[in-house]
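These are the residues of each chain, in order.
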Amino acid sequence: ISPDAILKGFSWQQTAPTAVTYTFEMSSPQQWGYKTRYDGTQLILSLKHPPDVKQGIAGLRIFLDPGHGSANDLGSQGPTGYPEKDATLKLSQKLATILRQRGAIVSLSRQGDDDLWPNDRAALIEKQEPDLAISLHYNALPDEGDAENTQGISSYWYNYSSYSLAQFLQRYIATHLHRSSYGIFWDNLALTRPTVSPA
């Protein structure tokens, strides 16, 4: 194995007549994505190398997903009735402009009122294989929620490779932008499930 290898080693064990458990030992705690597939009876594992960020985010490929997005998918609505789909699109467009000014290569899942199911958005991540994928939302509380005493940003992750991204974004926004922190949560959401990028 070469000195710059992502994978240090692996082992497998047949845990049942029809099941095998693979254990992969990685060279770094932060992973940047993977894909798996079968070629006949062979399992093929593809690992992504980390992006080169020595010069900042120039060249970093970032996928932004403005949550919701059509007359059939408004998302939550604020007290004035303003839909989440419009707020997330404006936020994503502003963020994309700032990131592009810093040299990042940014793509958006939608540019207007588009009907995209969550799995359609996840498929875009799998196809584009960005360095980072971020879905932006303005969540609403359940009907019995205490809106006056509940506020703040939250970050969600599913795959362990995305946990560091969720932690970083949550801490940075709370500390540097002085926003209340609602918390970091593990959740099995369509836009947190892709394995090809921290999402």
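Anything mentioned here points back to the structure above.
Residues numbered from 1 in each chain as written. Predicted model: local features only at pLDDT ≥ 70, side-chain atom pairs only at ≥ 80, totals over all residues. Heavy atoms only, no water.

Participant: Which residues make up the nonpolar core, and what values go with them?
Facilitator: Core analysis: the biggest nonpolar cluster contains twelve residues, these being L60, I62, L64, A96, L99, A104, V106, L108, L132, I134, L136 and L165. Listed by contribution, the elements that provide at least two residues to this core are β5 (61–66), α1 (84–101), β6 (105–108) and β7 (132–136). Tallying contributions element by element places β7 first for this core, with three residues. (Core = buried A, V, L, I, M, F, W, Y, C linked by side-chain atoms within 4.5 Å. Buried < 20%, exposed > 50% of the residue type's maximum accessible area, 1.4 Å probe, protein only. Helix = DSSP H or I, 4+ residues; strand = E, 2+ residues; numbered from the N terminus.)

Participant: Tell me what's going on with the pattern of salt bridges, and back it up with residues and numbers.
Facilitator: Taken as a whole, this structure holds six salt bridges when the rule is applied. Residues E129 and K35 are paired through a salt bridge, measuring 2.8 Å at the closest nitrogen-oxygen approach. Linking E129 in the loop between α2 (118–128) and β7 with K35 in strand β3 (residues 34–39), this pair joins segments that are 94 residues apart in sequence. Overall, E129 belongs to the partly exposed group, its relative accessible area being 28%. For K35, a relative accessible area of 30% corresponds to the partly exposed category. Between R121 and D65 there is a salt bridge; the shortest N-O distance is 2.6 Å. In this pair, R121 sits in helix α2 while D65 sits in strand β5, placing the two residues 56 residues apart along the sequence. For the pair shown, R121 and D65 are each scored as buried. If you follow the salt bridges from partner to partner, you end up with K85, D86 and D113 in one network. (Salt bridge = Lys/Arg side-chain N within 4 Å of Asp/Glu carboxyl O.)

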